[in-house]
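Residue-level structural notes
The lines below spell out each chain.
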Amino acid sequence: QNNTHYNFLRMLEDMYSLPYSGASSAVVPIDYCWQSALPVELSSFTAQYLGKVINLKWETKTEINLDNYTIERSSDNKNFQMAGEVKAKGNSVTPLLYTFNDTEIEPGTYYYRLKMIDMDGTYKYSNLMEVHVDVPETWSLNQNYPNPFNPSTVITYSVANESRISLNIYNALGEKVSGLNEGMKAPGYYQVNFNGAGLPSGIYFYRLNVLSPDGKEYLSSLKKMILLK
């Protein structure tokens, strides 16, 4: 770990629960002197906003007895929560590439770090990655994934301005089979889980209706999905 006085300051701030000062908020604390050496060599770690998700990628040069990578996320660079987990290969002397998509995003700034956990429970953190998510420029309804699905799928959409929305599911006869989401929504990105366990296999449609607060603008979009049991 390469260190400067910023890393040292961050270490002291963490030790005494002090607020972060200046550039110390964007670096990792000095921690290797309290942790066992971890048998993984991380060569790169990137985070990129791709319009619907934040895509994280990292590459390792070697791994020995590594158990998993826990992805931790924070909106204030202070309080981190688990965003996901990726199982490690365990042992490798050749480069390995991992990827993770964070779909639970709204406009704002996010900080990510990897918690690299050995099979004996020891761990080490990666450097921090900062990603900024802008407010959507327009509303959109995206294709569900996976598709075909059984029995669950995820539907995502974006809202550019505060609007009243409704998201409904219809069968091939045009009959409404589910109402997933309705109400006022602030600008941002949203996702809804749809479970078709009680429905027969077939083609279904989902429609997003958007109504402006003043009632003057109405938008609608329809997409097809397949339930295959």
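In this text the structure is predicted, and so the values were computed from the model without any measurement. (Residues numbered from 1 in each chain as written. Predicted model: local features only at pLDDT ≥ 70, side-chain atom pairs only at ≥ 80, totals over all residues. Heavy atoms only, no water.)

Check the secondary structure of the protein and you find 1 helix and 15 strands. Projected onto its principal axes, the C-alpha positions of the protein cover 65 × 40 × 25 Å. Contacts spanning at least 24 positions in sequence make up 57% of the contacts within the protein whose residues lie at least 6 apart. About 12700 Å² of surface is accessible on the protein, with carbon and sulfur atoms providing 51% of the total. When the 19 basic and 23 acidic side-chain charges of the protein are each reduced to a single mean position, those positions are 7 Å apart. (Helix = DSSP H or I, 4+ residues; strand = E, 2+ residues; numbered from the N terminus. Contact = heavy atoms within 4.5 Å. Areas by Shrake-Rupley, 256 points an atom, 1.4 Å probe, with all protein chains shown as cover. Lys, Arg positive; Asp, Glu negative; His and termini not counted. Charge placed at Lys NZ, Arg CZ, Asp CG, Glu CD.)

Read across the sheet, 4 strands follow the order β12-β11-β14-β15 without closing on themselves; strand pairing throughout is antiparallel. Each edge of the sheet is formed by a strand with only one pairing partner; in this case those strands are β12 (176-185) and β15 (218-227). Neighbour-to-neighbour, the strand axes of the sheet open up by a mean angle of 15 degrees, direction not taken into account. Here strand β14 (residues 202-211) pairs with β15 via 10 bridges, running antiparallel. Counterpart to Asn 209 in the pairing with β15 is Ser 220. (Pairing = 2+ DSSP bridges. Axes fitted to C-alpha atoms, helices over the stretch in contact; angles between N-to-C directions.)

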